[in-house]
Amino acid sequence: MKRSRSEYGDVIIYREADEVAHGAADAFVEIVAGVLGDHEVVRVALAGGSTPKAMYRLLASPAYRERVDWKRVEIFFGDERCVPPDHPESNYRMAREALLDHVPLGADRVHRILGERSPPEAASAYQQTLIRVAGEKPRLDLVLLGMGPDGHTASLFPGTPVLDERSLLVAPVWVDKLESWRVTLTVPVLSAAAHVVIVTAGDEKAEALAKALDGARGVVPITLVRAADQRWLVDEAAAQKWRGRD
Ligand code: 6PG
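Since the structure is predicted, the reported quantities are computational estimates derived from the model, not experimental observations.

Engineer: Help me get a handle on the sheet that holds strand β4 (residues 73-77), residues and values and all.
Structural biologist: In space, the seven strands of this open sheet follow the order β1-β2-β10-β9-β6-β3-β4, with mixed pairing throughout. Two strands lie at the open edges of the sheet, namely β1 (2-6) and β4, each paired on one side alone. Each adjacent strand pair in this sheet contributes to an overall mean axis angle of 20°, direction not counted. Of the strand pairs in this sheet, strand β9 (residues 195-200) and strand β10 (residues 229-235) are connected by six bridges, and their pairing is parallel.

Right, dumping it as structure tokens:
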């Protein structure tokens, strides 16, 4: 494992994707324990995607499950596909199956985005939930993010108006190339987080990661997220084109 720095935060480079998942699970345990040392509840936003999913599975395993005070963890989602909660594409379903069903969360402490509603209704309802639970200017304690091959994160996709949204906390977004609606936390909410952990692995992310971390060649959506403590956990494959890795 190698540690490096970028203008967008620390970069920890692991040999393989499964080490990224372990590193992210360790970071989750460390950050959650740190927040719970000073607060009654820790507010965490989960991401969708296969890289985050590998980390959720680890957190649900005996090696990790006992290291988190789950009844004091409040779960949010960074984004959601506009599908019902039992749909194969649902981020909530993925997180429930990989993690939430396997850990002793407190009652009413999972706040899913209502993907079955119309996109505007789902976004508006989630914004109200976020404000009710975390206040008008929500400062989540930990936001987990993945990154797509195009440099998107959450559902902040290249070329979408939501990239410029600075007043709404939650917004619906039509994603042309997926021909589907999403609901996403906006840049201000993601950047207000106390801690952001970005997990990225695989050759197909190398171009976008290099662009993001080098920061020189155009705006990559994930670089819009600028949290106080932000760390990238990546594998060698994803970091192979990043000039700053050595
Ligand atoms: C989603 C995610 C999305 C995801 C990235 C990375 O709803 O799909 O929120 O932002 O984290 O696309 O996904 P992979 O790890 O599967 O490449």
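Engineer: Tell me about the side chain of serine 90, residues and numbers included.
Structural biologist: Looking at the element boundaries, serine 90 is found in the loop between β5 (79-81) and α4 (91-98). Given the relative accessible area of 1%, serine 90 is considered buried. Polar side-chain contacts of serine 90 include one of 3.1 Å to the backbone nitrogen of tyrosine 92. The residues contacting serine 90, other than those within four sequence positions of it, are Glu80, Val83, Pro84 and Pro85.

Engineer: Before we move on, could you go through the site of the ligand and cite the residues and values that matter?
Structural biologist: Among the 16 residues in the neighbourhood of the ligand, the closest are listed as Ser50, Thr51, Asp79, Arg81 and Lys205. Between the ligand and threonine 51 there is a distance of 2.7 Å, counted from an oxygen atom to a side-chain nitrogen or oxygen. When residues of the shell around the ligand are traced back to their parent elements, those giving at least two are α2 (50-59) and β5. The biggest single contributor to the shell around the ligand is α2, with three residues. Of the residues contributing to the shell around the ligand, the split by class is three nonpolar, nine polar and four charged.

Engineer: Account for the pattern of salt bridges, naming residues and giving values.
Structural biologist: Pairs can form between side chains of opposite charge once their charged atoms are near each other. Applying the stated criterion across every chain yields a total of 19 salt bridges. Where arginine 72 meets glutamate 40, a salt bridge forms, and the shortest distance between an N and an O atom there is 3.7 Å. Here arginine 72 is found in the loop between α3 (62-65) and β4, whereas its partner glutamate 40 is found in the loop between α1 (17-36) and β3 (42-46), with 32 residues between them in sequence. Arginine 72 gets classed as buried once you look at its relative accessible area, which sits at 18%. For the salt bridge of lysine 71 with aspartate 69, the shortest nitrogen-to-oxygen distance reads 2.7 Å. Its relative accessible area of 24% is what places aspartate 69 among the partly exposed residues. Put simply, Glu40, Asp69, Lys71 and Arg72 are held in one network by salt bridges that share partners.

Engineer: Provide a residue-level description of unusual backbone geometry, including the pertinent values.
Structural biologist: With the exception of glycine, most residues fall at negative phi, and the peptide bonds are largely trans. Its identity as a non-glycine residue notwithstanding, aspartate 108 has a phi of 55°, on the positive side. Mapped onto the elements of the fold, aspartate 108 is located in the loop between α4 and α5 (119-134). By relative accessible area, aspartate 108 is classed as exposed at 69%. With phi around 50°, glutamate 179 is a residue other than glycine that occupies positive phi space. Residue placement: glutamate 179 occurs in the loop between β7 (170-175) and β8 (180-185).

Definitions and cut-offs
- Sequence order as written defines residue numbering, which begins from 1 separately in each chain.
- Reporting in this predicted model follows two pLDDT cut-offs: at least 70 for local features of residues, and 80 or more for side-chain atom pairs to be given and counted; totals over whole chains, interfaces and linings ignore these cut-offs and use all residues.
- Remark: hydrogens and water are excluded; side-chain values derive from all non-hydrogen atoms of the structure.
- We treat two strands as partners when DSSP finds at least two bridges between them.
- A run of H or I in DSSP counts as a helix once it spans at least four residues, and a run of E counts as a strand once it spans at least two, with each numbered from the N terminus.
- All axes are obtained by fitting lines to C-alpha atoms, using only the stretch in contact for helices, and the reported angles, taken between N-to-C directions, cover 0 to 180 degrees.
- The buried label goes to any residue with under 20% of its type's maximum accessible area, the exposed label to any with over 50%, and the partly exposed label to all in between, with areas taken from a 1.4 Å probe on protein chains only.
- In protein, a polar contact means a hydrogen-donor-capable atom and an acceptor-capable atom, both N or O and within 3.5 Å, with residues adjacent in sequence counting only if both atoms are side-chain atoms; elsewhere, any N or O pair within 3.5 Å suffices.
- Contacts between residues were defined by any pair of non-hydrogen atoms, one from each residue, lying within 4.5 Å.
- Only a single heavy atom is needed: when it lies within 4 Å of a molecule or strand, its residue is near that molecule or strand.
- In this count, Pro and Cys sit with the nonpolar residues alongside Ala, Val, Leu, Ile, Met, Phe, Trp and Tyr, while Asp, Glu, Lys and Arg are called charged and the others, Gly among them, polar.
- When a carboxyl oxygen of Asp or Glu is within 4 Å of a side-chain nitrogen of Lys or Arg, the pair counts as a salt bridge.

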